[in-house]
Amino acid sequence: MSQSQPQPPFTVRVVPVTPFQQNCSIIRAASGKAAVVDPGGEPEKILQAAKDFDAEIEQIWITHGHLDHAGGAMAVKRATGAPIIGPHKEDTFWLDEIADHWAKYGHPGMGENCTPDQWLNDGDELDLEGVKFQVVTAPGHTPGHVVLYNKDANIAFVGDVLFAGSIGRTDFPRGDHQTLIDSITQKLWPLGDVQFVPGHGPVSTFNRERQSNPFVADSVTGYGGAATKPANEMDQKLSKRWQ
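These remarks concern the structure in this document.

Conventions used here
- Residues numbered from 1 in each chain as written.
- Predicted model: local features only at pLDDT ≥ 70, side-chain atom pairs only at ≥ 80, totals over all residues.
- Heavy atoms only, no water.
- Helix = DSSP H or I, 4+ residues; strand = E, 2+ residues; numbered from the N terminus.
- Rg over C-alpha atoms; globule rule 2.2 N^0.38 Å.
- Buried < 20%, exposed > 50% of the residue type's maximum accessible area, 1.4 Å probe, protein only.
- Areas by Shrake-Rupley, 256 points an atom, 1.4 Å probe, with all protein chains shown as cover.
- Lys, Arg positive; Asp, Glu negative; His and termini not counted.
- Charge placed at Lys NZ, Arg CZ, Asp CG, Glu CD.
- Salt bridge = Lys/Arg side-chain N within 4 Å of Asp/Glu carboxyl O.
- Phe/Tyr/Trp six-rings, centres within 6.5 Å; stacked < 30°, edge-to-face > 60°.
- Pairing = 2+ DSSP bridges.
- Core = buried A, V, L, I, M, F, W, Y, C linked by side-chain atoms within 4.5 Å.
- Contact = heavy atoms within 4.5 Å.
- Axes fitted to C-alpha atoms, helices over the stretch in contact; angles between N-to-C directions.
- Polar contact = N/O pair within 3.5 Å; in protein donor to acceptor, adjacent residues only side chain to side chain.

Let us look at the overall build of the protein. Scanning the protein from N- to C-terminus turns up nine helices and 13 strands. Its C-alpha atoms give the protein a radius of gyration of 18 Å, within 12% of the compact-globule value 18 Å for 243 residues. If one aligns the C-alpha atoms of the protein with their principal axes, the spans along those axes are about 60 × 50 × 30 Å. Out of the 243 residues in the protein, the part that is buried amounts to 52%. Carbon together with sulfur atoms contributes 48% to the accessible area of the protein, which is approximately 10700 Å² in total. Across the protein, the mean location of the 20 positive side-chain charges is 3 Å away from that of the 30 negative side-chain charges.

Listed below in C-alpha cells is the structure:
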C-alpha cells in the first residue's frame, strides 16, 4: 500500500495586475487561509482569483509603497477584513501619494492611498497558519522596501528589489543605487540559492542571478571573491523594464 505524500505547507498563485503587470501573489496555506502579497490594483480580479484558488484572504502583505504594489490594498481589506501588514514605515510618503501617482500615469481611480495596520522591521516574522515568513529589509528601490522569505519552501517574495536579469529602479525619490546593490549582496545572497517571485516578470533564483544578472552577478559585484567589473549606474537606470 502506497503512503500518501505530505501536503506542502502552502501553495502560490501569481496574479498579474494593473497596466504594469505587477505580480500579486496569493499564498494559500493547507487550511485554505491565505495572505495576498502586493495587491497593487484590480481588487476584483484578485478577489476572484482567491475564490477560484479556494483561498480565504486573512492577511495583506506589502513589500513597498509604490502605486502598483499597494494601490489595491485598501479595497481588498474592505472586502475581506484582512489587516494590511508592511512595508517599513520609511515608505509612508509613497503610500500617501498612490492616488495622485495613478492619476499622473493616466489611470485615475486605479488605486488609492494605503494606511497599513502594522509596519515591518528587519527580523520580524509573519505567521500564516503556523507557516513562518522572515522579514528582510532591503532598501534602495524605496527606503522602506521589505523582502518576505520562507526558509522551509526556499522561496522569497522580493517586490522590486530584484528581477530575472535586472534590478529595481533607483532614480525615484529616496532611491539609491549602491544601497540597492548592498541590499541584494548583503541581505539576499546570504540566504542561499532561493527561488524568488519578483514584482514583475518571471520567477528566477538567486544563484541564476549571481551568474548572469548584468547588475549584480558576482563578476560585477565581487561577491564571493569573484573578479569585480565596474558598475555603470547610468546604464542601470536607463535599462529598467519595470517600475
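Having seen the model, we can carry on.
This brings us to the pattern of salt bridges. Going through the model one piece at a time under the given rule, you end up with 10 salt bridges. Shared partners join several salt bridges into a network, and the residues in it are Lys33, Glu56 and Glu58.

Taken as a whole and judged by the stated rule, the model has nine aromatic pairs. Aromatic pair Phe133 and Phe157: ring centres 6.5 Å apart, planes at 55°, arrangement tilted. Of this pair, Phe133 sits in strand 7 (residues 131-137) while Phe157 sits in strand 9 (residues 155-159); the two residues are 24 residues apart in sequence, bridging distant segments of the chain. No difference in accessibility class separates Phe133 from Phe157, as the two residues are buried. One aromatic cluster in this structure is built from Phe10, Trp61, Phe133 and Phe157.

One ladder, built from eight bridges, connects strand 1 (residues 10-17) with strand 2 (residues 22-29); its direction is antiparallel. Note that in strand 2 the partner of Phe10 across the bridge is Ala29. Adjacent in sequence and paired antiparallel, strand 1 and strand 2 are bridged by four residues, among which Thr18 carries a positive phi angle near 70°.

Pairing is mixed in the open sheet, where six strands are placed in the order 6-7-8-9-12-13. Two strands close off the open sheet at either side, each with one partner strand: strand 6 (125-128) and strand 13 (204-205).

This next bit is on the nonpolar core. Ranked by internal contacts, the top residues of the largest apolar core, which has 26 residues, are Ile26, Val36, Ile57, Ile60, Ile84, Ile98 and Cys114. In contact with Ile26, not counting residues within four places along its chain, are Thr11, Val12, Arg13, Val15, Ala34, Ala35, Val36, Ile46, Ala49, Ala50, Phe53 and Ala55. Of all hydrophobic cores here, the second largest spans 19 residues; its members include Val136, Ala138, Leu162 and Val194.

This part takes up helix 3 (residues 73-80). Of the positions making up helix 3, those classed as buried are Ala73, Met74, Ala75 and Val76. Check the buried side of helix 3 and you find it contacts strand 3 (33-37), helix 1 (43-52), strand 4 (56-61), helix 2 (67-70) and strand 5 (84-85). Two residues or fewer after helix 3 comes Gly81, characterised by a positive phi angle close to 80°.

Sheets are built from strands paired through backbone hydrogen bonds, the pairs being either parallel or antiparallel. Within the open sheet, the five strands sit side by side as 1-2-3-4-5. Their pairing is mixed. Edge strands, defined here as strands with exactly one partner in the open sheet, are strand 1 and strand 5. Where strand 3 lies against strand 4, five bridges are found, and the strand directions are parallel. Note that in strand 4 the partner of Lys33 across the bridge is Glu56. Sheet contacts for helix 1: strand 1, strand 2, strand 3 and strand 4; angle to strand 1, the most-contacted strand, approximately 150°.

Moving on, we get to the side chain of His141. Structurally, His141 is set in the loop between strand 7 and strand 8 (146-150). Since its relative accessible area comes to 0%, His141 is described here as buried. Side-chain polar atoms of His141 contact the side chain of His66, separated by 3.2 Å.

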